[in-house]
Amino acid sequence: MPNITFYRKKCIGCGICYEMMPDIWRMSTKDGKANLVKAVFKKGIPVLSVGISLVEGSKRVALACPARIIKVNE
C-alpha cells in the first residue's frame, strides 16, 4: 500500500499541503507546522498509508512543498 512520509521537524509551516489536500493535512495551532492526519509514527516520523486514489494528489503536494520534506512511496 502506498504511503506518505512527513519529516515534520523540518516543516516551515507554509501551509501549502493543507491548502492542496485539507482532507489529510492540518496546521497546528501550537507551533504552526503541518500535521499529517491519522499518521502513525515510525521512529518518530509520521507515516500515513493511503489508497491509490490519493497518490497523485500527494505527489503534487510533495512537489509543491518548499522544504521538500514530504515523500510518497508507492
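The text that follows walks through the structure, step by step, so that each part is easy to find. (Residues numbered from 1 in each chain as written. Predicted model: local features only at pLDDT ≥ 70, side-chain atom pairs only at ≥ 80, totals over all residues. Heavy atoms only, no water.)

Things to note about the sheet that holds strand 1 (residues 3-6)
Reasoning step 1: Ordered by their spatial adjacency, 4 strands build an open sheet running 4-5-1-6, and the pairing between neighbours is antiparallel. Two strands close off the open sheet at either side, each with one partner strand: strand 4 (40-42) and strand 6 (70-73). Neighbouring strand axes in the sheet, compared pairwise and without regard to direction, differ in orientation by 30° on average.
Reasoning step 2: Of the pairings in the sheet, the one linking strand 1 to strand 6 comprises 4 bridges and is antiparallel in character. Paired with Thr-5 across the two strands is Lys-71, which belongs to strand 6. (Pairing = 2+ DSSP bridges. Helix = DSSP H or I, 4+ residues; strand = E, 2+ residues; numbered from the N terminus. Axes fitted to C-alpha atoms, helices over the stretch in contact; angles between N-to-C directions.)

What about helix 2 (residues 55-64)?
Reasoning step 1: Listed as buried for helix 2 are Val-55, Gly-57, Ser-58, Val-61 and Ala-62. The buried residues of helix 2 occupy an angular sector of 160° when the element is viewed end-on, so they sit on one face. Exposed side chains of helix 2 directed beyond 90 degrees from the buried face belong to Arg-60 and Leu-63. (Buried < 20%, exposed > 50% of the residue type's maximum accessible area, 1.4 Å probe, protein only. Arc of directions from axis to C-beta.)

Here we look at the pairing of strand 5 (residues 45-49)
Reasoning step 1: Summarising the sheet, strand 1 and strand 5 pair through 3 bridges and their orientation is antiparallel. Among the inter-strand pairings, Ile-4 is bridged to a residue of strand 5, identified as Leu-48.
Reasoning step 2: Both strand 4 and strand 5 contribute to a ladder of 3 bridges, which runs antiparallel. Paired with Lys-42 across the bridge in strand 5 is Ile-45.
Reasoning step 3: In textbook terms, the turn of a hairpin is the stretch between consecutive antiparallel strands, and for strand 4 and strand 5 this stretch comprises 2 residues, one of which, Lys-43, has a positive phi near 55°.

Observations regarding the pattern of salt bridges
Reasoning step 1: Applying the stated criterion across every chain, the model contains 3 salt bridges.
Reasoning step 2: Across the salt bridge formed by Lys-59 and Glu-74, the nearest N and O atoms sit 2.5 Å from each other. Residue Lys-59 is located in helix 2, and its partner Glu-74 is located in the segment after strand 6; the two are separated by 15 residues in the primary sequence.
Reasoning step 3: One salt-bridge network, in which partners are shared between bridges, spans Glu-56, Lys-59 and Glu-74. (Salt bridge = Lys/Arg side-chain N within 4 Å of Asp/Glu carboxyl O.)

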